[in-house]
Amino acid sequence: MAPSFSKRALALGGGGFTGYLFEIGALTALDDLFEDGVTMNDLDLYVGVSAGAAAASLLANGVRPQEILDTNLSGTRPYYFDHRNVFSPAIGEGLKTVWRVTRQLVPLLKLYVRHYGEMTFIDLLDKAQDALPSGIYTLEPFAKYLEAIFNVKGLSDRFAGLAKELYIPAIDLETGDGVLFGDEDWRDVPISRAVTASSAVPIYFCPVRIQGRDYIDAGIGRMAFFEVAVQKHVDFMIMINPMARAPQARSRHAQPAVGKPGSRLRDRGFLSIGEQASRINFDARFSQALERFQQDYPEKEVLAISPVESDALLFERSFLSYDDRIHLLRAGYVAVMTLARDRWEDLSAQFARHRLVMSRARFEDRAGRRLARLDEVARVADPNIRQPMVGPAGIGGIGAAWRKAK
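A quick note: this is a predicted structure, and the numbers were derived from the prediction, not measured.

It is worth spelling out the packing of aromatic side chains at this point. Under the defined criterion, the tally for this structure stands at 15 aromatic pairs. Between Phe34 and Phe351, the aromatic rings sit 5.1 Å apart at their centres with planes inclined by 90°, giving edge-to-face as the arrangement. On the criterion of sequence distance, the pair formed by Phe34 in the loop between α1 (16–33) and β2 (45–48) and Phe351 in helix α13 (residues 344–353) is long-range, its members being 317 residues apart. Each member of the pair, Phe34 together with Phe351, is buried. Connected via pairs of aromatic rings, a cluster forms that spans Phe17, Tyr20, Phe81, Phe142 and Tyr145. Sitting over the face of the ring of Trp344, Arg360 holds its NZ or CZ atom 4.6 Å from the ring centroid.

Written out as structure tokens, the structure is:
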């Protein structure tokens, strides 16, 4: 039995730009699902990891999901992040690398000549690793862009300036320890810097330096969501996990679900394989942590929202990809719509226990108009699109989906 007053939280996972878009679509659907006057901005606590940190920082500041969705539909500022905001080549790292390579090249060549028959390419790479850059891109421009957004829109770049609790985990590169920006000892770190620290995916992005320490993506460490739920006395946590892999039927002779018919992940290079491995690893750790959390704290409730089975495109794209922006927004929306369709009574009761009231009539009307608009924008962007991009369990329209639910 939930207490008369429960503490409600929103947890947003990673997944790069694709995950960010999925989350915005799902958050907009949740807003559409509730009665008038109730939004995802009304929760008590927000926690975001990696790409989810950017979305969580906006919601904790009172920015409505629909406003973020609209700017991403139109590709306009300020909540639409393009390549210029995120993918800035780490030129400084490159200059350091040139100097290091120049300094080490002659000794390495001499070493290789002396041990030509014994040394492999891996041995040579191991000897030269000090000359390699710490990342391909730097997130410094993204931190400045976020800071500018907060300033222009009158939002707070300080944890202490928020009316809601906001926590952004990251990992200390040297020690491997997790830190929780926004917690008592970490409230003086600007939110914009905390977001980039939590988003610094190794290899792709250079570690983010804060107060003399280097930090990297929190998604590679422990599942901080559940630790926050315990430490901050959360009763109900809504979790959106774009990295979760939807269960799919498999057979020995089935075509791959990812990519074009007949294509395989191994044909797309080691970076795609690495991303797939990261997703598999994260999904396994998340599932285990969620199961353990529910066993240890049965009084706490969790609602996990993840992609639907039919949406393989979410996993086809690199997490750094800007393609199919509208599809990804729609995929997040459809994930919530499918959940509501299949579990209306249980979901309604769970939300009601925590002072969140669902409205079937309101959602049916809003979801129909929302999906119609998404499909219209998609057709304008690509006139070759004739059918809705994705539908719940293969059902093309909202009317058919709700006929099944009723």
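Glancing now at the pairing of strand β9 (residues 213–216). Bridge count for strand β5 (residues 165–172) against β9 is 2 bridges, and the pairing is antiparallel. Residue Asp172 lies in a different strand from β9, and its bridge partner there is Tyr215. Two strands pair when backbone bridges link them, and strand β8 (residues 208–210) and β9 are joined in this way by 3 bridges, in the antiparallel orientation. Pairing of Val208 across the sheet is with Tyr215, part of β9. Turn length for the β8-β9 hairpin, with the two strands adjacent in sequence and antiparallel, is 2 residues, and the turn residue Gln211 shows positive phi of about 50°.

The rules we used
Residues numbered from 1 in each chain as written. Predicted model: local features only at pLDDT ≥ 70, side-chain atom pairs only at ≥ 80, totals over all residues. Heavy atoms only, no water. Phe/Tyr/Trp six-rings, centres within 6.5 Å; stacked < 30°, edge-to-face > 60°. Helix = DSSP H or I, 4+ residues; strand = E, 2+ residues; numbered from the N terminus. Buried < 20%, exposed > 50% of the residue type's maximum accessible area, 1.4 Å probe, protein only. Lys NZ or Arg CZ within 6 Å of the ring centre and 35° of its normal. Pairing = 2+ DSSP bridges.

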